[in-house]
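Chain by chain, the residues run as shown.
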Amino acid sequence: MEKYLKYEGFPYRHLGDDPDTGIDCFNLVRLVYKQELGIEILLKTSDFCTNKNEQWYSQTNQSLFSQANADRTGFKQVSIPKEYDLIFMSIGTTNITNHCALYLGKDKILQTMIGHNSWIALYGRYYKQYTVGIYRWHQF
């Protein structure tokens, strides 16, 4: 778990991909994959979320991630998470996928979202109830 501590405290920014100026949840996952695994995830958030408004998730029916995006990025859906799996969620009153986190193992996730710097959280009942899919890099 210690190796993930360096990813805590990054400011959130919708469509952001820079840990200094702001990063969103999917681009945070991309950063960890590149730095820890040497894997370059080809898509970034702006490739499948075109709404630049910070409140995009409540203004659209455009999901953050889909099976088509999973196929394009090299992920496959699984049922039980392992370290480095992507956890996609539908949080709030919307029925769209609007958040993702990186599963760290031992029921912990790394995430960031509006109003929060990146942090490690417990993947307990709260987040599990909103989970819509778990995806694993095809080479794991």
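Here's a quick rundown of the structure.

What counts, and at which threshold
- Residues numbered from 1 in each chain as written.
- Predicted model: local features only at pLDDT ≥ 70, side-chain atom pairs only at ≥ 80, totals over all residues.
- Heavy atoms only, no water.
- Phe/Tyr/Trp six-rings, centres within 6.5 Å; stacked < 30°, edge-to-face > 60°.
- Helix = DSSP H or I, 4+ residues; strand = E, 2+ residues; numbered from the N terminus.
- Buried < 20%, exposed > 50% of the residue type's maximum accessible area, 1.4 Å probe, protein only.
- Pairing = 2+ DSSP bridges.
- Axes fitted to C-alpha atoms, helices over the stretch in contact; angles between N-to-C directions.
- Contact = heavy atoms within 4.5 Å.

Aromatic ring pairs: the centre-centre distance and the angle between the two ring planes describe each pair. Under the criterion given, the structure shown has eleven aromatic pairs. The interplanar angle of 35° and the centroid separation of 6.5 Å between the aromatic rings of phenylalanine 26 and phenylalanine 88 together place this pair among those described as tilted. Of the two residues, phenylalanine 26 sits in helix H1 (residues 25-37) while phenylalanine 88 sits in strand S4 (residues 86-89), which places them 62 residues apart along the sequence. On the basis of relative accessible area, phenylalanine 88 is assigned to the buried category, the value being 1%.

In this section: the sheet that holds strand S5 (residues 99-105). Strand order in the open sheet formed by six strands is S3-S8-S4-S5-S6-S7, with antiparallel pairing between adjacent strands. A single partner strand is all that each edge strand has here, and the edge strands are strand S3 (75-78) and strand S7 (116-122). Averaged over all pairs of adjacent strands, the angle between their axes in this sheet comes to 30°, without regard to strand direction. Set on the sheet, H1 makes contact with S3, S4, S5, strand S6 (108-113), S7 and strand S8 (131-137); between it and S5 the angle comes to about 35°.

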